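The residues making up each chain are set out below.
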Amino acid sequence: MKKITLVLMTLLCLLGLVGCGGASKAENAPAPKKAEAAESLKGKKALVVYFSYSGQTAKVAKAVQEATKADIFEVKTVQPYPQGYHECTDYAKAEKARNFHPEIQGNVPNIKDYDVVYMGFPIWWYDAPMAIYTFIDKHDLSGKTVVSFCTSGGSPISESTPGLRKALPNSKFVEGLRFYPNDTAAVNKWVESLNL
């Protein structure tokens with residue numbers, strides 16, 4: 001009886017964690033509609049922008065880059081996030097509650113040259129990390145197609161969509177998928193479905 005109770009408590013704790021992201025499989029969501037995928041993006045210049053706390057999103061971002069032959073830019077905060085899981089989740093929760101956009105290192109000086117921006121991140125507290133919003137603040141993405149993708153311990157990518165749509169009112173936003181970090185086949189299939 002004690003073992004069953006311990007197993008149930010462990011499962012409940014794991015399901016309750018939504019903080020600093022982790023591996024998750026691609027959602028069983030329908031492929032983007034062709035109209036939503038932007039009248040065929042063939043021949044357009046693309047950039048993969050990503051924020052990765054633990055390296056999981058970085059793996060997916062590199063798979064997206066390989067599949068699209070895009071340039072790549074890693075969003076890094078000037079002040080690193082705490083290394084401990086619980087410290088990081090608390091810090092990220094406080095950032096979100098204050099709508100605090102942390103300072104990031106560098107920028108993409110030639111952002112105007114890109115037609116498509118793939119934006120990757122872990123889901124933190126049902127949203128993209130605030131560092132992604134800082135990137136959006138610093139770069140004019142007006143008129144560009146912005147395609148999201150994420151990693152998460154359990155939250156669907158759709159939870160990040162309202163905030164990103166609001167932050168990108170002059171961009172064509174395409175909600176992407178949630179991926180396992182090592183599922184290159186799923187990434188390739190998704191990129192193909194976007195008609196690139």
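To start, this report covers the structure provided alongside it. As the structure is a computational prediction, the values presented were derived from the model and not from experiment.

Calculation notes
Residues numbered from 1 in each chain as written. Predicted model: local features only at pLDDT ≥ 70, side-chain atom pairs only at ≥ 80, totals over all residues. Heavy atoms only, no water. Helix = DSSP H or I, 4+ residues; strand = E, 2+ residues; numbered from the N terminus. Contact = heavy atoms within 4.5 Å. Phe/Tyr/Trp six-rings, centres within 6.5 Å; stacked < 30°, edge-to-face > 60°. Buried < 20%, exposed > 50% of the residue type's maximum accessible area, 1.4 Å probe, protein only. Pairing = 2+ DSSP bridges. Axes fitted to C-alpha atoms, helices over the stretch in contact; angles between N-to-C directions. Expected span 1.5 Å × (residues − 1).

### A closer look at the overall build of the protein
- Along its length, the protein carries six helices and five strands.
- Ordered by position from the N terminus, the helices and strands of the protein form the series α-β-α-β-α-β-α-β-α-β-α.
- Put simply, 82% of the contacts in the protein that link residues at least 6 apart link residues at least 24 apart.

### Regarding the packing of aromatic side chains
- Scanning the model with the defined rule gives nine aromatic pairs in all.
- Ring geometry for Phe51 against Tyr81: centres 5.7 Å apart, planes inclined by 70 degrees, an arrangement best described as edge-to-face. In this pair, Phe51 sits in the loop between β1 (46-50) and α2 (56-68) while Tyr81 sits in the loop between β2 (71-74) and α3 (85-98), placing the two residues 30 residues apart along the sequence. The same class applies to Phe51 and to Tyr81, which are both buried.
- Measuring from ring centre to ring centre gives 5.4 Å for Phe51 and Trp124, while their planes differ by 90 degrees; the resulting arrangement is edge-to-face. Of this pair, Phe51 sits in the loop between β1 and α2 while Trp124 sits in the loop between β3 (116-122) and α4 (130-138), and the two are 73 residues apart along the sequence.

### Thoughts on α4
- Among the nine residues in α4, seven count as buried, and that is most of the element.
- For α4, the full list of buried residues reads Met130, Ala131, Ile132, Tyr133, Thr134, Phe135 and Ile136.
- The elements touched by buried residues of α4 are β1, β2, α3, β3 and α5 (161-167).

### A few points about the environment of Met119
- Relative to the helices and strands, Met119 resides in strand β3.
- By relative accessible area, which is 0% here, Met119 ends up buried.
- Along the backbone, Met119 and Val49 are 70 residues apart, and their C-alpha atoms lie at a distance of 4.9 Å.
- When residues no more than four places from it in sequence are discounted, the contact partners of Met119 are Val49, Ile132, Phe135, Ile136, Leu141, Val146, Val147, Ser148 and Phe149.

### Thoughts on the sheet that holds β1
- Spatially, β2-β1-β3-β4-β5 is the arrangement adopted by the five strands of the open sheet, whose pairing is parallel. Among the strands making up the open sheet, the edge pair consists of β2 and β5 (172-174). Geometrically, the sheet is characterised by an average inter-axis angle of 20 degrees between neighbouring strands, direction not taken into account.
- The sheet contact formed by β3 and strand β4 (residues 145-151) spans seven bridges and is parallel. By the bridge assignment, Phe121 is partnered in β4 with Cys150.
- Lying on the sheet, α2 is in contact with β1, β2, β3 and β4; it crosses β1 at an angle near 175 degrees.

### Concerning α3
- Along its 14 residues, α3 runs 20 Å from first to last C-alpha, staying within 8% of the 20 Å computed at 1.5 Å per residue.
- Structurally, α3 contributes buried residues whose contacts are with α4.
- Positive backbone phi, approximately 55 degrees, marks Asn99, located one or two places after α3.

### Some words on unusual backbone geometry
- For Lys69, which is not glycine, the phi torsion reads 60 degrees and is therefore positive.
- Among the structural elements, Lys69 can be located in the loop between α2 and β2.

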